Amino acid sequence: MGGKSLKGWICMDSNITAVLLAGGKGERLRPFDGPKCLLPVCGKPLMEYTLEHISKFVNRINIAVGYKSDLVGRYLVGKIIDDRLFGLWNWGISDEGENASMIHRLKAASHPGLNLVCYADEYAPVDIPQLLTFHKSKRLPITVSTVSLKLDVGVFHAGSFVEKPLLRQYKVNIGYMLMDQEVIDQIGNYDSLAPVLFEYYDKEEIALYKHLGDRWTINTLRDLEEVERAMSDHRS
């Protein structure tokens, strides 16, 4: 089975497709000028961490590319075909052009059945079998994985100074969203997923799954330094 874990195959539905959104630029990461998903993090492209994780649990991955798609394509061909990494045999690249919206890319890359929508430029080792069980139990059109909001700055509160507090009442979308093809087909003329999620949230038709593990989001060179430092500390 190409190195996939038995646990993953037992827990996941055979009709689930992972859609990896890999079209971002990462303009605040200059002088790096490649696709954000290929940003080197401790010697590996950022998206490789996500591919390694989700390929344990799904047998179909579609990568929706955009900015400098040729570079992403060459990387994927090298890793999936030449190096035979990730144990994938059912995968594809969807290229709707550099100027296509995120929603347009999502619709083009989605597949009939249940879709697991992930961001290629962010990493969180979400417990996917647990996420699927949670989604089925809620019986709602969309499930979004979340973490509590952590401020990047210190604040004064109740007579004291709190350094980078964790605001547990506020939830941040980290991707790993489950939605059926029918839901994706019905999305209106939006450029990004944010207004879609707000719309379903207002209708109380979205479930929020709480991820308690690690999460890397890298938008600046300072973020990259902090993530690589944390990884080095974890390994030592």
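As a convention, each chain's residues are numbered from 1 in the sequence order in which they are written. Restriction of local features to residues with pLDDT of at least 70 applies here, the model being predicted, together with a cutoff of 80 or more for giving and counting side-chain atom pairs; totals for whole chains, interfaces and linings are based on all residues. To get the side-chain values, all heavy atoms of the structure are used, and hydrogens and water are removed first.

Observations regarding the pattern of salt bridges
Where charged atoms from two side chains of opposite charge approach closely, those side chains can pair.
Working step 1: Criterion for a salt bridge: a side-chain nitrogen of Lys or Arg within 4 Å of a carboxyl oxygen of Asp or Glu. With the rule as written, the count across this model stands at 9 salt bridges.
Working step 2: Between Asp33 and Arg30 there is a salt bridge, with the nearest N and O atoms lying 2.9 Å from each other.
Working step 3: Of the charged contacts, one joins Glu226 and Arg222 as a salt bridge, the two residues approaching to 3.5 Å between their closest N and O atoms. Pair noted here: Glu226 and Arg222 are both in helix α8 (residues 221-235), with a separation of 4 residues, about one helical turn.
Working step 4: A simple rule labels every residue: compare its accessible area, found with a 1.4 Å probe on the protein chains alone, to the largest value its type can have, and call it buried under 20%, exposed over 50%, or partly exposed in between. Accessibility expressed as a relative area gives 32% for Glu226, which makes it partly exposed.
Working step 5: According to the relative accessible area criterion, Arg222 is exposed, its value standing at 54%.
Working step 6: Among the charged side chains, a salt-bridge network with shared partners connects Arg30, Asp33 and Lys68. A run of H or I in DSSP counts as a helix once it spans at least four residues, and a run of E counts as a strand once it spans at least two, with each numbered from the N terminus.

With respect to the nonpolar core
Working step 1: By nonpolar core is meant a set of buried Ala, Val, Leu, Ile, Met, Phe, Trp, Tyr and Cys residues that side-chain atoms within 4.5 Å join together. Counting 31 residues, the largest nonpolar core has Leu20, Met47, Ile54, Ile63, Leu116 and Tyr176 as the members making the most contacts within it.
Working step 2: When residues of this core are traced back to their parent elements, those giving at least two are β1 (17-22), α2 (46-54), β4 (61-65), α3 (69-82), β6 (114-119) and α5 (128-138).
Working step 3: Counting residues in each nonpolar core, the second largest holds 20 residues, with Ala64, Ile103, Tyr119 and Met179 among its members.

Describing the environment of Gln186
Working step 1: Counting through the fold element by element, Gln186 comes out in the loop between α6 (181-185) and α7 (194-202).
Working step 2: On the basis of relative accessibility, which here comes to 60%, the residue Gln186 falls in the exposed class.
Working step 3: Along the primary structure Gln186 and Lys107 are separated by 79 residues, whereas in three dimensions their C-alpha atoms are 9.7 Å apart.

So, unusual backbone geometry
Excluding glycine, most residues fall at negative phi; most peptide bonds, likewise, are trans.
Working step 1: Omega for the bond connecting Arg30 with Pro31 falls within 30 degrees of zero, at 20°, which places this linkage in the cis form.
Working step 2: Here Pro31 lies in the loop between β1 and β2 (40-41).
Working step 3: Within the chain, Arg139 stands out as a residue other than glycine whose phi angle is a positive 55°.
Working step 4: Of note, Arg139 is situated in the loop between α5 and β8 (142-150).

Concerning the packing of aromatic side chains
Working step 1: Planes of paired rings set the category: under 30 degrees apart is stacked, over 60 is edge-to-face and the rest tilted, where pairs are Phe, Tyr or Trp rings (Trp by its six-membered ring) whose centres lie within 6.5 Å. Counted according to the given criterion, the structure contains 4 aromatic pairs.
Working step 2: With 5.9 Å between their ring centres and 50° between their planes, Tyr49 and Tyr123 make a pair best called tilted. Here Tyr123 lies in strand β7 (residues 122-123) and Tyr49 lies in helix α2, a separation of 74 residues in the sequence. An identical accessibility class is assigned to Tyr49 and Tyr123; each is buried.
Working step 3: On the numbers, 5.0 Å between centres and 75° between planes, the contact of Tyr49 with Trp216 is edge-to-face. On the criterion of sequence distance, the pair formed by Tyr49 in helix α2 and Trp216 in strand β14 (residues 216-217) is long-range, its members being 167 residues apart.
Working step 4: The exposure class assigned to Tyr49 is buried, which follows from its relative accessible area of 7%.
Working step 5: Put simply, the rings of Tyr49, Tyr123 and Trp216 touch in pairs and so form one group of aromatic residues.
Working step 6: The rule for a charge over a ring is simple: NZ of Lys or CZ of Arg within 6 Å of the ring centre, and within 35 degrees of the ring normal. Between the NZ or CZ atom of Lys44 and the centre of the ring of Tyr49, over which it lies, the distance is 4.4 Å.

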